[in-house]
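Chain by chain, the residues run as shown.
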Amino acid sequence: MRVLFASSEVFPLVKTGGLADVSGALPAALGAINVDVRVLLPGYPAAMDAAQGKRQVANLGDPFGIDAETKLISAKLPGSGVPMWLIDCPALFDRAGGPYLDATGADYADNAVRFGLLSWAAALLSTEGSPLKWRPQVLHANDWQTGLAAAYLHAWKPAEKPGSLFTIHNIAYQGLVTKDWLPRLNLPWEMYQIDGLEYYDNVSFLKAGLFYSDRISTVSRRYAKEIQAAPFGSGMEGLLAERAGDLSGILNGADYSIWNPAEDKLLATRYAAADYVAGKAANKAALQAELGLDQDPDAPLLVVVSRLADIKGMDLVLEALPLILRQGAQLAVVGAGDRSLEDAFRAAAANAPRQVAVEIGYSEALAHRLMAAGDMLLLPSRYEPCGLTQFYAFRYGTVPIAHATGGLADTVADTSYDSLMTGTATGFVFEHASLGAFQWCIERATELFRQKDNWRRIQAAGIAQDFSWKRSAERYLAHYEALTQQPAGTAA
Ligand code: ADP
């Protein structure tokens, strides 16, 4: 099975969120079950610098008339060695800011062309127009940045069309651009309609992917259901409900080569699964010292590793803080995002420095140390397509407190008398994203934390969970096989 996996971010080369983790780990897991998978990624400076064994394999010309040539570079992903192609177009990708936003936090004005080119290249490499010998049987595109790939396949009507799978990692980002971009992206006006890529008088890259791909997946079963209705569908619910038969949920996995407390070099003390009680205690003491928190092994340590955004429920964490402090618990946060939330978290730490520690920014090292030291991980997301940090928390013996949405609902099992006795409880779950429900969950958790035997049952059940990528990779392979067996077609 040959698969081209197109993505706008891939760990460890470039990462703004979970999409990068998936794009770094899933291709490697597919490779391990003999799928011949190649990753396609824009040649951002960080990616060009870190990619290994770079070699130019083709000149793709200047498809959008921007007075700059695009070259295709073959390379290997550091770590896993997965083969990849980088789209080398410095005029579009060699920028000082992030992959999507400039240094001031604004979208690049030419994102339509930047990700139009990524989509176009993905389609080109999948069809007879490709300058390469290798051609995929399936084009696997991810999120809005690659949404136009299926539109190009539809427009070009190639003799041999690959199967196309489009995966939604986050439906809230839709790649909306004004319609005057359409001719500049070499797409015909016939496709600019409700049954096509038009979306409220604009072009939506995301809708193009949803409409023209043969199959759609998203990253949990619950989220696949949720996005067929408002508000979760973010305006795409009608289309998704119509395509429900082509839509499935495949859970992400955790990269246990990176998230394994027994081999985690970022920790103060590494610990094997069998020694998690002592290991966590040592890491908690070290973290409390590092962050200036009270050296108190009995104070429940609640941790947050998250983007600071309302959709992550971070406002609820701030509102629940007085209760957390009254309980004698501690809160340690590593996160970045909305300025107002960043300021509010900073102020909270300044007000109670011995109970609250906040690091604003992105820190892989601190994220690992919080997972190891924490007693509970707070996950009050308003929506969460899959979520990854709950998997890491399980492996590190940290108990998630999660809102029952998307992948959190599918993977965290609430603690009740029954689930505790049967050893199936792995966390604390609340149904409604309200402060009251969240606080009730925190109270239940801190109370159980003091009952050491019961608490260890929950931790042990979490540690025993297996969310390895192998399982997810097998499910993706089943989808690829289904796509190559049925005659290729589109929804149109
Ligand atoms: P999303 O993609 O919506 O941000 P996920 O839970 O799917 O949420 O993925 C978030 C990823 O980013 C996880 O790997 C998490 O550990 C990491 N992460 C988020 N914020 C930070 C931070 N401030 N420092 C380090 N890692 C972070």
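Everything here concerns the structure above.
Here is what the cut-offs are and how they apply
Residues numbered from 1 in each chain as written. Predicted model: local features only at pLDDT ≥ 70, side-chain atom pairs only at ≥ 80, totals over all residues. Heavy atoms only, no water. Axes fitted to C-alpha atoms, helices over the stretch in contact; angles between N-to-C directions. Helix = DSSP H or I, 4+ residues; strand = E, 2+ residues; numbered from the N terminus. Parallel < 35°, antiparallel > 145°, perpendicular 65-115°, else oblique. Contact = heavy atoms within 4.5 Å. Nonpolar A, V, L, I, M, F, W, Y, C, P; charged D, E, K, R; others polar. Polar contact = N/O pair within 3.5 Å; in protein donor to acceptor, adjacent residues only side chain to side chain. 1 Å grid on protein atoms, 1.4 Å probe; cavity = no way out; pocket = protein on both sides within 12 Å on 5 of 7 lines; lining within 4 Å. Points joined across faces, edges and corners; volume = space filled by probe spheres on them. Patch = residues over 30% accessible without salt bridge, like charges linked within 9 Å, V, L, I, M, F, W, Y side chains within 5 Å. Areas by Shrake-Rupley, 256 points an atom, 1.4 Å probe, with all protein chains shown as cover. Salt bridge = Lys/Arg side-chain N within 4 Å of Asp/Glu carboxyl O. Lys, Arg positive; Asp, Glu negative; His and termini not counted. Charge placed at Lys NZ, Arg CZ, Asp CG, Glu CD. Buried < 20%, exposed > 50% of the residue type's maximum accessible area, 1.4 Å probe, protein only. Pairing = 2+ DSSP bridges. Core = buried A, V, L, I, M, F, W, Y, C linked by side-chain atoms within 4.5 Å. Near = heavy atom within 4 Å. Disulfide = S-S within 2.5 Å.

*Asks:* How would you summarise the packing of helix α1 (residues 18–32) against helix α19 (residues 469–485) if you had to cite specific residues and measurements?
*Replies:* Relative orientation and spacing of two packed helices are given, respectively, by the angle between their axes and the distance between those axes. Packing of α1 against α19 leaves a shortest axis separation of 9 Å and a crossing angle of 75 degrees. Taken together, the axes of α1 and α19 are roughly perpendicular relative to one another. Here α1 contributes Val22, Ala25, Leu26, Ala29 and Leu30 to the contact with α19, which in turn contributes Trp469, Lys470, Ala473, Tyr476, Leu477 and Tyr480. Here the contact of α1 with α19 is composed, by residue class, of 10 nonpolar, no polar and one charged.

*Asks:* Can you break down the side chain of Thr446 residue by residue, with the values?
*Replies:* Along the polypeptide, Thr446 turns up in helix α17 (residues 435–449). At 2.4 Å, the side chain of Thr446 forms a polar contact with the side chain of Gln327. Apart from residues lying up to four places away in sequence, Thr446 is in contact with Pro300, Gln327 and Met376.

*Asks:* With reference to specific residues and values, describe empty space enclosed by the protein.
*Replies:* Empty pockets left among the atoms are what a rolling probe the size of a water molecule brings to light. A full pass over the atoms with the stated rule returns two cavities of 30 Å³ or more. As a volume, the largest cavity reaches approximately 80 Å³. What lines the largest cavity is Phe11, Lys15, Asp21, Gly24, Ala25, Asp255, Ile258, Trp259, Glu364 and Tyr392. A total of three residues in the lining of the largest cavity trace back to one element, the largest contributor, which is α1. A class-by-class count of the residues in the lining of the largest cavity yields five nonpolar, one polar and four charged. Taken as a whole, the second largest cavity spans an internal volume of roughly 30 Å³. Lining the second largest cavity we find Leu139, Ala141, Thr146, Ala149, Ala150, Ser164, Leu165 and Ser213. Listed by contribution, the elements that provide at least two residues to the lining of the second largest cavity are β6 (138–142), α5 (148–156) and β7 (163–168). Partitioned by chemical class, the residues of the lining of the second largest cavity number five nonpolar, three polar and no charged.

*Asks:* Any chance you could break down a positive patch on the surface for me, citing the residues and the numbers?
*Replies:* A grouping of Arg221, Arg222, Lys225 and Arg475 is seen on the molecular surface, where their side chains present a positively charged patch. Broken down by element, the residue count for the positive patch peaks at three residues, all from helix α8 (residues 221–226). Among the residues examined, Arg222 registers a relative accessible area of 31% and is labelled partly exposed.

*Asks:* Describe the sheet that holds strand β8 (residues 176–178), with residues and values.
*Replies:* On the basis of which strands lie adjacent, the open sheet formed by three strands has the order β8-β10-β9 and antiparallel pairing. The sheet terminates laterally at β8 and β9 (198–199), the two strands that pair on one side only. Bridging between β8 and strand β10 (residues 202–204) involves three bridges; their strand directions are antiparallel. What sits directly across from Thr178, in β10, is Asn202. The strands touched by helix α7 (residues 205–212) within the sheet are β8, β9 and β10, with β10 carrying the most contacts at an inclination of about 55 degrees.

*Asks:* Explain the environment of Asp310 residue by residue, including any values.
*Replies:* Note that Asp310 resides in the loop between β13 (301–308) and α11 (314–326). Taking the C-alpha atoms as reference points, Asp310 and Gly337, 27 residues apart in sequence, are found 9.7 Å from one another. Discounting chain neighbours no more than four positions away, the residues touching Asp310 are Asp315, Asp338, Leu341 and Arg382.

*Asks:* Account for the nonpolar core, with residues named and values stated.
*Replies:* By size, the foremost hydrophobic cluster in this structure holds 98 residues, and its most contacted members are Leu40 and Leu197. A total of 11 residues in this core trace back to one element, the largest contributor, which is helix α4 (residues 111–125). Every residue in contact with Leu40, bar those within four places of it in the chain, is listed here: Leu4, Phe5, Ala6, Ser7, Leu72, Trp85, Ile87, Leu118, Ala121, Ala122 and Leu125. Tyr276, Phe391, Tyr396 and Ala402 belong to the second largest nonpolar core, which has 38 residues in total.

*Asks:* Go over the site of the ligand, please, and point to the residues and values.
*Replies:* Close contacts around the ligand come from 19 residues, with Gly18, Asp21, Arg307, Lys312 and Gly361 the closest. Between the ligand and the protein, one listed contact pairs a nitrogen atom with a backbone N or O atom of Ser363 at 3.0 Å. Residue Leu388 places a main-chain N or O atom 3.3 Å away from an oxygen atom belonging to the ligand. For the ligand, the protein covers 91% of the area, taking 570 Å² as the surface of the free molecule. If you list the elements that add at least two residues to the shell around the ligand, you get α1, β13, β14 (330–337), α13 (364–373) and α14 (389–395). Element by element, the count of residues in the shell around the ligand is highest for β13, at three residues. Taken together, the residues of the shell around the ligand break down into six nonpolar, eight polar and five charged.

*Asks:* Report on the state of the cysteines, specifying residues and quantitative values.
*Replies:* The full count for this structure, using the stated rule, is zero disulfides. Cys441 supplies the cysteine sulfur nearest to Cys386, a cysteine that is in no disulfide, at a spacing of 19 Å.

*Asks:* Account for α7, naming residues and giving values.
*Replies:* The buried fraction of α7 amounts to eight of the eight residues, a majority that puts the element mostly inside the structure. N-capping of α7 is provided by Ser204, with a side-chain oxygen placed 3.3 Å from the backbone N of Leu206.

*Asks:* Mind laying out the pattern of salt bridges, listing which residues take part and the relevant values?
*Replies:* Applying the stated criterion across every chain, the model contains 15 salt bridges. The partner of Arg135 in a salt bridge is Glu160, and the shortest N-O contact between them spans 3.9 Å. You can see Arg135 sitting in the loop between α4 and β6 and its partner Glu160 sitting in the loop between α5 and β7, a full 25 residues away along the chain. For Glu160, a relative accessible area of 57% translates into the label exposed.

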